[in-house]
Amino acid sequence: MGLMFINLAGFQIVWFTTVLSAAGGLPWVGPVVVVVAVAAHLRLMPGVCSSEGMLLGAAAVVGYALDCILFVSGLLSAMPGAELFGPSPLWMVGLWIAFAATLRHSLAWLGSRYFLGAVVGAVAGPLAYRGGELLGALSIDGTPGLLAVSIEYLIAMPALMWLMRWLERDFGTANSCQAGDGAEARQQVPIEESHS
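A quick note: this is a predicted structure, and the numbers were derived from the prediction, not measured.

**Observations regarding the side chain of N7**
Here is step 1 of the chain: In this fold, N7 is placed in helix α1 (residues 2–23).
Here is step 2 of the chain: Accessibility expressed as a relative area gives 9% for N7, which makes it buried.
Here is step 3 of the chain: A distance of 3.2 Å separates the side chain of N7 from the backbone oxygen of A101, its partner in a polar contact.
Here is step 4 of the chain: Among the polar contacts listed, one links the side chain of N7 to the side chain of S106, at a separation of 2.7 Å.

Dropping the structure here:
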């Protein structure tokens with residue numbers, strides 16, 4: 001329970017730091033924070049194997065591709081000073097990576113409940129983007145933009161959940177997992193145990 005809280009709190013810290021720095025005209029701060037947070041996550045969280053790194057990489061690609069569609073269509077736009085590359089800013093890609101780092105930990109209760117994951121994504125995604133808008137990091141094109149974000153996460157959330165389980169099945173259980181400095185290798189805990 002303690003590690004789940006650390007995972008969730010870490011994501012919230014990364015999210016607020018990234019969004020507030022982008023809103024303050026320092027969009028490069030977020031990606032730096034994400035790199036540090038992910039490095040700590042991969043090193044310190046128990047039961048983390050190569051499949052976790054693959055999941056985070058896949059989330060970056062999926063998130064960038066989906067957000068780019070919304071940015072190119074004009075449904076989303078970065079506020080002046082919050083742009084760092086594009087069409088989707090690099091700091092938003094970092095948030096997808098940080099979000100994916102919660103799937104096996106603080107969001108493990110979702111298990112393989114893909115429908116529930118889709119509902120959670122469809123609600124939480126627009127709330128997060130609206131929060132980013134209220135803090136001054138991006139602009140959403142009203143109801144159409146929020147609806148598009150909802151559809152985006154309705155698709156992305158169960159897709160990433162499925163990918164996580166597929167990677168666990170094909171890569172995670174075959175690898176030993178490292179935790180801490182010089183710690184003994186520990187065998188991956190199967191993802192099926194995260195239902196409870």
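Back to the write-up after that little detour.
**Concerning the packing of aromatic side chains**
Here is step 1 of the chain: Applying the stated criterion to the full structure yields four aromatic pairs.
Here is step 2 of the chain: Plain terms: the ring middles of Y129 and Y153 are 5.6 Å apart, the flat faces sit at 75 degrees to each other, and that makes the pair edge-to-face. With Y129 in helix α5 (residues 114–134) and Y153 in helix α6 (residues 142–170), this pair connects stretches of sequence that are 24 residues apart. Each of the two residues, Y129 as well as Y153, counts as buried.
Here is step 3 of the chain: Pairing W162 with W166 gives two aromatic rings, centres 6.3 Å apart and planes at 15 degrees, and the pair type is stacked. Here W162 pairs with W166, and both are found in helix α6, just four residues apart, close to one helical turn.

**A closer look at the confidence of the model for the protein**
Low pLDDT means the predicted coordinates in that region are not meant to be read closely.
Here is step 1 of the chain: Put simply, the protein has an average pLDDT of 85, and 84% of its residues get 70 or more.
Here is step 2 of the chain: Predicted confidence is poor over residues 173–196, with pLDDT under 50, and the contacts of this stretch with residues over four places away or in other chains come to 49 contacts.

**Some words on a nonpolar patch on the surface**
Here is step 1 of the chain: Side chains of W109, F115, L116, V119, V123 and L127 sit close together on the surface and give an oily, nonpolar patch of about 610 Å² of accessible area.
Here is step 2 of the chain: Here L116 shows up in helix α5.
Here is step 3 of the chain: Classification of L116 by relative accessible area gives partly exposed; the value is 32%.

**Observations regarding the pattern of salt bridges**
Here is step 1 of the chain: What the rule picks out here adds up to three salt bridges.
Here is step 2 of the chain: R104 is paired through a salt bridge with E52; the nearest N and O atoms lie 3.3 Å apart. Of this pair, R104 sits in the loop between α4 (90–100) and α5 while E52 sits in helix α3 (residues 50–72); the two residues are 52 residues apart in sequence, bridging distant segments of the chain. We note that R104, like E52, is buried.
Here is step 3 of the chain: Look at the salt bridges and you will find they share partners, linking E52, R104 and E168 into a network.

About the criteria used
- Residues numbered from 1 in each chain as written.
- Predicted model: local features only at pLDDT ≥ 70, side-chain atom pairs only at ≥ 80, totals over all residues.
- Heavy atoms only, no water.
- Helix = DSSP H or I, 4+ residues; strand = E, 2+ residues; numbered from the N terminus.
- Buried < 20%, exposed > 50% of the residue type's maximum accessible area, 1.4 Å probe, protein only.
- Polar contact = N/O pair within 3.5 Å; in protein donor to acceptor, adjacent residues only side chain to side chain.
- Phe/Tyr/Trp six-rings, centres within 6.5 Å; stacked < 30°, edge-to-face > 60°.
- pLDDT = per-residue confidence, 0-100.
- Contact = heavy atoms within 4.5 Å.
- Patch = residues over 30% accessible without salt bridge, like charges linked within 9 Å, V, L, I, M, F, W, Y side chains within 5 Å.
- Areas by Shrake-Rupley, 256 points an atom, 1.4 Å probe, with all protein chains shown as cover.
- Salt bridge = Lys/Arg side-chain N within 4 Å of Asp/Glu carboxyl O.

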